[in-house]
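# Working through the structure, step by step
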Amino acid sequence: MPAKPDARPRTVIRARGYVRVVTGWAVAMLAIATTAFLDPQLEGLRDPDWMYWLCAIVFAALIARAPFVGVVVGDDTVRRRSWLRTQTWAVQDVYRVGSSGYSGALTRYATSKRYRMVVFVLRHGKGGQDLPELSGRPATVERLAATLSGALGLEQTKGPRS
């Protein structure tokens with residue numbers, strides 16, 4: 001089936017540094033858990049085996065999810081793929097793309113002045129949407145925001161909470 005003549009090319013936007021940090025952390029935790037599980041000297045001291053398998057599954061799931069974390073802009077949808085869930089919006093619902101100080105799992109209850117993330121504002125009073133999957137140094141985040149704005153055909157701004 002041929003593509004629509006006015007079809008927007010599918011664009012995938014990722015913050016590779018952020019994904020590498022989280023993936024590296026998950027690999028390190030999995031390696032530590034596996035080393036402790038296999039160490040014969042800890043046989044009588046370690047937790048029950050089911051706890052290892054639970055941790056191993058969680059860390060392996062994070063590692064397996066890493067290639068899919070980011071934002072995908074398609075013909076008429078914007079899909080946010082985070083570590084735990086996926087959200088989808090219509091392209092026309094995104095009003096503005098910008099950046100703001102990171103506020104998420106890495107800086108609980110605070111906003112970073114040196115580490116930023118991409119945000120976009122939705123139409124129809126739906127508010128702003130933080131995208132911590134697209135975070136990093138200010139220059140990197142501005143580049144990601146510009147790429148996302150271009151893919152959506154929008155004008156880039158500083159965002160709702162510069």
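So, here's what we can say about the structure. For every chain, the first residue of its written sequence is number 1, and the numbers climb from 1 along that sequence. Only residues with pLDDT of at least 70 are given local features in this predicted model, and only at 80 or more are side-chain atom pairs given and counted; all residues enter the totals for whole chains, interfaces and linings. Note that water and hydrogens are dropped before the side-chain values are worked out from all heavy atoms of the structure.

### Side note on the pattern of salt bridges
Put simply, a salt bridge is a Lys or Arg side-chain nitrogen that is within 4 Å of an Asp or Glu carboxyl oxygen. Inspection of every chain in the model, using the stated rule, returns 1 salt bridge. The partner of E133 in a salt bridge is R80, with the nearest N and O atoms 2.9 Å apart. Of this pair, E133 sits in strand β7 (residues 127-136) while R80 sits in strand β3 (residues 77-81); the two residues are 53 residues apart in sequence, bridging distant segments of the chain. Partly exposed describes any residue whose relative accessible area lies between the buried limit of under 20% and the exposed limit of over 50%, with all areas from a 1.4 Å probe on protein chains only and scaled to the type maximum. With relative accessibility at 6%, the residue R80 sits in the buried group. Numbered from the N terminus, helices here are DSSP runs of H or I no shorter than four residues, and strands are runs of E no shorter than two.

### Some thoughts on the nonpolar core
Here, the term nonpolar core denotes a set of buried Ala, Val, Leu, Ile, Met, Phe, Trp, Tyr and Cys residues that are joined through side-chain atoms within 4.5 Å. Among the nonpolar cores identified, the biggest contains 29 residues, and W83, V97, V118, F120, L134, L148 and L152 are the most heavily contacted of them. Elements represented by at least two residues in this core include exactly α1 (16-38), α2 (49-65), β2 (70-73), β5 (94-101), β6 (116-122), β7 and α3 (138-152). Here this core gets 6 residues from one element, more than from any other, and that element is α3. Residues are treated as being in contact if the distance between any of their heavy atoms lies within 4.5 Å. If near-sequence neighbours (up to four positions away) are discounted, L148 is found in contact with I13, V71, V73, V97, V118, F120, L131 and L134.

### Brief notes about the environment of V22
Following the sequence through the fold, V22 ends up in helix α1. Remark: the alpha-carbon pair of V22 and A66, spanning 44 residues in sequence, is separated by 8.4 Å.

### Examining α3
Taking 1.5 Å of rise per residue, the 15 residues of α3 would be expected to cover 21 Å, and the 21 Å separating its terminal C-alpha atoms lies within 8% of that figure. Turning to α3, its buried residues number three or more, namely T140, V141, L144, A145, L148, S149, A151 and L152. Expected helix span is given by 1.5 Å per residue-to-residue step, counting one fewer step than there are residues.

### Things to note about a nonpolar patch on the surface
Only residues whose relative accessible area exceeds 30% and that take part in no salt bridge are eligible for patches, with like-charged residues grouped when within 9 Å of each other and nonpolar side chains (Val, Leu, Ile, Met, Phe, Trp, Tyr) grouped when within 5 Å. Surface accessibility in these figures is a Shrake-Rupley result with a 1.4 Å probe; residues are shielded only by whichever protein chains are displayed. A cluster of nonpolar side chains, namely W50, M51, L54 and V58, defines an oily patch on the protein surface of about 400 Å² accessible area. By the element assignment, W50 lies in helix α2. Judged by its relative accessible area of 56%, W50 is exposed.

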